[in-house]
Amino acid sequence: MTMARDPARDRLLERGFTPLALCVLVVALVLGVLAVADSSLERLVLIALVDMIAVIGIYLFTGMTGTFSFGHLGFMAIGAYSTAILTVPPATKRVLFTAMPGWLVEIHLPFLPAVLVGGLLAAIAALLLSVPMARMQQLSAGLATLAVLIAVYVVVGNWSAVTNGTKGITAIPTGTTPIVLLVAVVVVIVAAWLFQTSALGLRIRATREDEVAARAVGIRVGRERGIALVVSALVTGVAGGLYAQLQGSLSPGAFYLAGTFLLISMLVVGGFTTLTGAVLGAVALTALRRILEFVETGVAIGPLTMPHLPGLTEIGTGIALIVVLALRPLGLTGGRELSWAAVRRVWSRDGSSTPAEDPDGGTTDGRPVAMGRVDSPRADRSLPRVD
Amino acid sequence: MTGEQLAQLAADALALASLYAIFALGIALIFTVLKMINFAHSELVTIGAYVLILLADIPLLVRIVVLLALVVATALLMERAAFRPVRRSGQLTMLITSFGVSYVLQNVAILVFGPNVRSGTVWPVLRESVQLGPVRVPYLNALTIVLTLLLLAGLGLFLRLTSIGLQMRAAAEDFTTARLVGVRANRVIAVAFAMSGALAATASFLLTAQTGVVTSTFGVQVVLIAFVATILGGMGSLTGAVIGAFFVGIVTVVLQQFLPLELRPFRDAFVYAAVFVVLVVRPGGLLVGRGSAVRV
């Protein structure tokens with residue numbers, strides 16, 4: 001099918017297509033699955049939505065600046081614990097936290113403000129952190145975020161008066177419904193898109209493409225990356241708050257290396273340089289892990305009976321990550337957004353072309369593009385201009 | 001605080017700093033040659049620890065031979081199977097690949113050895129201690145310090161006196177040019193991995209001799225400390241990594257001694273905060289390494 005070209009319509013579609021398409025895809029997928037889901041599958045979908053928000057949060061820093069962060073689960077923990085403490089009723093808190101300061105016991109907020117406060121506290125932590133990180137070289141900065149993860153983990157695990165230490169917090173009022181989470185995901189996708197296509201967002205992404213060139217045209221690399229970190233921590237902190245509301249209980253172990261690994265895998269498998277990658281990565285890995293969890297418990301396929309294999313899900317996730325990195329370093333999306341131009345191209349070739357074979361994408365010589373040296377992904381050329 | 005207590009504190013700090021130096025060297029060695037941060041170093045340490053703990057009935061000398069052989073072989077296998085395919089794809093790809101390898105091996109360990117803590121005795125004598133004047137030194141600490149000195153001296157001589165050592169230094173300087181003048185990349189990188197394997201084996205020996213237990217995440221703490229020490233020292237310099245390790249080790253012991261009792265559980269958070277303060281003042285690390293500047 002060949003569509004007539006109308007430049008004005010194309011421009012409008014290019015601007016709004018990606019977030020719209022992603023939102024429609026996610027909403028349709030979630031509603032479709034929920035329509036047939038039992039309670040355990042419904043729970044999986046809700047957790048996947050929270051993961052998706054957190055992955056988008058990490059993307060807003062890692063994807064846009066090219067600096068890897070292992071510390072975002074720390075921000076998520078800050079958001080989750082703040083929300084939990086703010087929403088547990090004072091009467092329950094008096095029983096649960098005997099050593100909590102009085103003013104903190106008395107504070108009680110409804111669901112939405114509590115989640116936002118959690119996000120803001122995470123953003124404030126990121127603001128403090130952005131000062132030293134702005135001066136550090138990219139790889140060191142990425143590793144230094146590990147220190148954040150550990151520091152938050154140690155504090156959360158030991159500050160018994162406020163976090164209840166390793167015993168964790170229980171009896172958090174559960175305020176999230178599928179609709180609340182879907183609205184949150186849609187808001188976050190649209191906001192992330194507006195952020196990344198704004199003049200500021202383009203400057204931040206320029207620092208990813210070529211730090212030296214970005215500096216040469218007057219971009220203050222450290223400052224812009226710091227802004228990305230704060231915005232990203234805000235979103236990740238909100239994801240933490242939603243997580244607390246969804247689970248109803250928290251423990252420090254939920255925000256440590258295993259969680260970090262899962263969210264980073266989602267982002268990298270989807271494609272860490274694009275919003276589409278963040279969204280699709282969360283979907284893809286959730287589906288893969290659901291299948292692996294099923295196999296892990298030991299299933300019979302015809303005459304073959306698989307033994308019980310604890311840890312298969314984690315091993316499979318790790319292998320998926322390694323294979324994607326070796327074969328397609330920019331992830332399943334190959335460093336491109338789901339754009340109107342890409343959809344039209346595929347249509348005009350009667351669906352015979354996949355993005356991977358697209359001569360306009362990737363590098364000119366057909367090699368996979370190296371991470372950290374991304375050669376102008378196709379999506380960036382279809383963005384609205386800064387002027 | 002008396003002079004005797006101070007001497008005791010210095011001895012303890014020296015032992016911990018030496019241990020951390022062994023951790024950091026394993027990471028820094030790979031980084032200088034390959035510009036890769038190897039998360040999976042932690043699993044080399046974990047595998048070594050499982051060998052030492054689970055084979056507790058076998059004579060110690062045999063166990064050490066098995067330990068070295070197995071850990072070095074795993075390091076070489078890791079390089080060949082996972083890291084070589086992504087070597088050209090840039091630092092970030094290598095970093096995340098090693099993160100993935102680390103996670104896979106951790107879970108393989110759970111699959112093979114179970115999720116529970118396994119315990120055993122490695123070398124009971126090391127838990128006894130000797131009184132040197134006012135200072136009480138556990139044999140293990142003495143061994144740690146001696147081993148670190150030997151390894152540092154050996155590594156220094158190796159890099160300066162042997163042909164492959166010279167090639168490694170050339171590769172660390174500029175890999176492309178080194179290859180142009182005949183340095184074989186695969187050989188140099190394999191030697192670097194074998195050496196980091198040996199360092200990981202040493203680390204697992206010293207750690208299990210102290211704790212006598214192993215879990216699937218045994219080595220994680222090792223690489224976390226090593227990362228922090230390596231960044232702190234200025235990435236891309238072995239001397240820097242050792243200096244960074246000494247900083248982290250000394251700060252840890254001093255905080256353990258002087259922090260008020262109620263704050264002591266937060267010791268590690270303070271250690272990492274101290275590291276951040278240093279990095280604010282010196283973003284390139286204590287010793288700015290060769291790999292840290294962007295060259296255009």
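Conventions and cut-offs
- Residues numbered from 1 in each chain as written.
- Chains lettered and ligands numbered in written order.
- Predicted model: local features only at pLDDT ≥ 70, side-chain atom pairs only at ≥ 80, totals over all residues.
- Heavy atoms only, no water.
- Buried < 20%, exposed > 50% of the residue type's maximum accessible area, 1.4 Å probe, protein only.
- Helix = DSSP H or I, 4+ residues; strand = E, 2+ residues; numbered from the N terminus.
- Pairing = 2+ DSSP bridges.
- Contact = heavy atoms within 4.5 Å.
- Patch = residues over 30% accessible without salt bridge, like charges linked within 9 Å, V, L, I, M, F, W, Y side chains within 5 Å.
- Areas by Shrake-Rupley, 256 points an atom, 1.4 Å probe, with all protein chains shown as cover.
- Salt bridge = Lys/Arg side-chain N within 4 Å of Asp/Glu carboxyl O.
- Axes fitted to C-alpha atoms, helices over the stretch in contact; angles between N-to-C directions.
- Parallel < 35°, antiparallel > 145°, perpendicular 65-115°, else oblique.
- Left-handed = near helix turned anticlockwise from the far one by under 90°.
- Nonpolar A, V, L, I, M, F, W, Y, C, P; charged D, E, K, R; others polar.
- Buried area = accessible area lost by both parts, 1.4 Å probe.
- Polar contact = N/O pair within 3.5 Å; in protein donor to acceptor, adjacent residues only side chain to side chain.
- pLDDT = per-residue confidence, 0-100.
- Expected span 1.5 Å × (residues − 1).
- Phe/Tyr/Trp six-rings, centres within 6.5 Å; stacked < 30°, edge-to-face > 60°.

**Student:** Please give an account of the pairing of strand S3 (residues 135-138) of chain B that cites residues and values.
**Tutor:** All names here are of chain B. Residues Val135 and Val137 point to one face of S3 and are all buried, whereas Arg136 and Pro138, pointing to the other face, are not buried. Bridge analysis of strand S2 (residues 129-132) against S3 gives four bridges, and the strand direction is antiparallel. The residue bridging Leu132 from the neighbouring strand is Val135, located in S3. Where S2 hands over to S3, the hairpin turn is made up of two residues, of which Gly133 adopts a positive phi near 60 degrees.

**Student:** Any details on the environment of Gly270 of chain A? Residues and values, ideally.
**Tutor:** Residue and element names in this part refer to chain A. Assignment of secondary structure puts Gly270 in helix H13 (residues 257-270). Gly270 sits in the buried class, given a relative accessible area of 1%. Sequence separation between Gly270 and Leu285 is 15 residues; the distance between their C-alpha atoms is 8.6 Å. With near-sequence residues (within four places) excluded, Gly270 lies in contact with Gly277, Gly281, Leu330, Gly331, Leu332 and Thr333.

**Student:** Run through a nonpolar patch on the surface, naming residues and quoting values.
**Tutor:** Where nonpolar side chains cluster on the molecular surface, the patch consists of Ile58, Val62, Val66 and Leu70 of chain B and spans about 270 Å² of accessible area. Mapped onto the fold, Val66 of chain B is located in helix H3 (residues 60-83).

**Student:** Tell me about the packing of helix H3 (residues 72-87) of chain A against helix H12 (residues 221-247) of chain A, and name the residues and values.
**Tutor:** Residue and element names in this part refer to chain A. With their axes 7 Å apart at the nearest point, H3 and H12 run at an angle of 50 degrees to one another. As judged from the angle between their axes, H3 and H12 are oblique. Seen from above, H3 lies across H12 with right-handed handedness. Across from His72, Phe75, Met76, Gly79, Ala80, Thr83, Ala84 and Thr87 in H3, the residues of H12 making contact are Leu229, Ser232, Ala233, Thr236, Gly237, Ala239, Gly240, Gly241, Tyr243, Ala244 and Gln245. Residues belonging to the contact of H3 with H12 are distributed by class as follows: nine nonpolar, 10 polar and no charged.

**Student:** Lay out the environment of Gly298 of chain A in plain terms, naming residues and giving numbers.
**Tutor:** Residues and elements named next belong to chain A. Checked against the element boundaries, Gly298 lands in the loop between helix H14 (275-296) and strand S1 (300-301). Given a relative accessible area of 29%, Gly298 falls into the partly exposed group. In the structure, Gly298 is positioned 13 residues away from Gly311 in sequence and 12 Å away in space, judged by C-alpha atoms.

**Student:** So what's going on with the interface of chain B and chain A? Residues and values would help.
**Tutor:** Listed as interface residues are 40 residues of chain B and, on the opposing side, 46 residues of chain A. In terms of surface lost to chain A, no three residues of chain B exceed Leu92, Tyr103 and Phe276 of chain B, which account for 17% of the buried area on that side. Between the two partners, chain B and chain A, sit zero salt bridges. Connecting chain B to chain A are two residue pairs in polar contact (both at pLDDT 80 or more). Of all elements in the fold, only helix H4 (91-113), helix H9 (220-233) and helix H11 (267-281) of chain B reach the threshold of two or more residues within the side of chain B that touches chain A. Among the residues forming the side of chain B that touches chain A, the class breakdown is 30 nonpolar, eight polar and two charged.

**Student:** Run through unusual backbone geometry, naming residues and quoting values.
**Tutor:** The phi dihedral of Ala171 of chain A is positive, around 60 degrees, even though this residue is not glycine. Looking at where Ala171 of chain A falls in the secondary structure, it is placed in the loop between helix H8 (160-163) and helix H9 (178-197). One non-glycine residue with positive phi stands out, namely Lys35 of chain B, at about 55 degrees. On the secondary structure map, Lys35 of chain B appears in the loop between helix H1 (3-34) and helix H2 (41-54).

**Student:** If you had to explain the confidence of the model for chain A to someone new, which residues and values would you point to?
**Tutor:** Averaged over all residues, the pLDDT of chain A equals 84, while 88% of them reach at least 70. Per-residue pLDDT stays below 50 along residues 351-387 of chain A; that stretch engages in 67 contacts with residues further than four places along the chain or on separate chains.

**Student:** Before we move on, can you summarise the side chain of Glu79 of chain B with the specific residues and values?
**Tutor:** Note that Glu79 of chain B resides in helix H3. Once residues lying within four places of it in the same chain are set aside, the contact partners of Glu79 of chain B are Arg84, Arg87, Ile189 and Phe193 of chain B.

**Student:** Break down the side chain of Gln167 of chain B for me, citing the residues and quoting the values.
**Tutor:** Residues and elements named next belong to chain B. Checked against the element boundaries, Gln167 lands in helix H6 (residues 163-173). Judged by relative accessible area, Gln167 falls into the buried class, the value being 15%. Those residues within four positions of Gln167 in sequence are excluded, and the remaining contacts are Val183, Arg184, Arg187 and Val188.

**Student:** I'd like to hear about helix H5 (residues 139-161) of chain B, residue by residue, with values.
**Tutor:** Residues and elements named next belong to chain B. End to end, H5 covers 32 Å across 23 residues, agreeing with the expected 33 Å (1.5 Å per residue, within 8%). Turning to H5, its buried residues number three or more, namely Leu140, Asn141, Thr144, Ile145, Thr148, Leu155, Gly156 and Leu159. In this fold, the buried residues of H5 make contact with H1, S3, H6, helix H8 (185-211) and helix H10 (238-258).

**Student:** Describe the pattern of salt bridges, with residues and values.
**Tutor:** Side chains bearing opposite charge may pair, as long as their charged atoms lie close to each other. Residues and elements named next belong to chain A. In this structure the tally under the stated criterion is 10 salt bridges over all chains. Here Glu224 makes a salt bridge to Arg223, at a shortest N to O gap of 3.1 Å. Residue Glu224 is classed as buried on the basis of its relative accessible area of 2%. Arg289 serves as the salt-bridge partner of Glu314, at 3.1 Å between the closest nitrogen and oxygen. Residue Glu314 is found in helix H15 (residues 312-327), and its partner Arg289 is found in helix H14; the two are separated by 25 residues along the sequence. Put simply, Arg203, Arg223 and Glu224 are held in one network by salt bridges that share partners.

**Student:** Explain the packing of aromatic side chains to me, using residue names and the numbers behind them.
**Tutor:** Tallying each qualifying case throughout the model produces 14 aromatic pairs over all chains. Residues Tyr243 of chain A and Phe255 of chain A carry aromatic rings whose centres are separated by 5.5 Å and whose planes lie at 70 degrees to one another, so their mutual orientation is edge-to-face. A residue pair is termed long-range when its members are at least 10 positions apart, and Tyr243 of chain A in helix H12 and Phe255 of chain A in the loop between H12 and H13 qualify at 12 residues. Side by side, Tyr243 of chain A and Phe255 of chain A carry an identical accessibility label, which is buried. Consider the rings of Phe39 of chain B and Phe227 of chain B, whose centres lie 4.9 Å apart with planes at 85 degrees: the pair is edge-to-face. Linking Phe39 of chain B in the loop between H1 and H2 with Phe227 of chain B in helix H9, this pair joins segments that are 188 residues apart in sequence.

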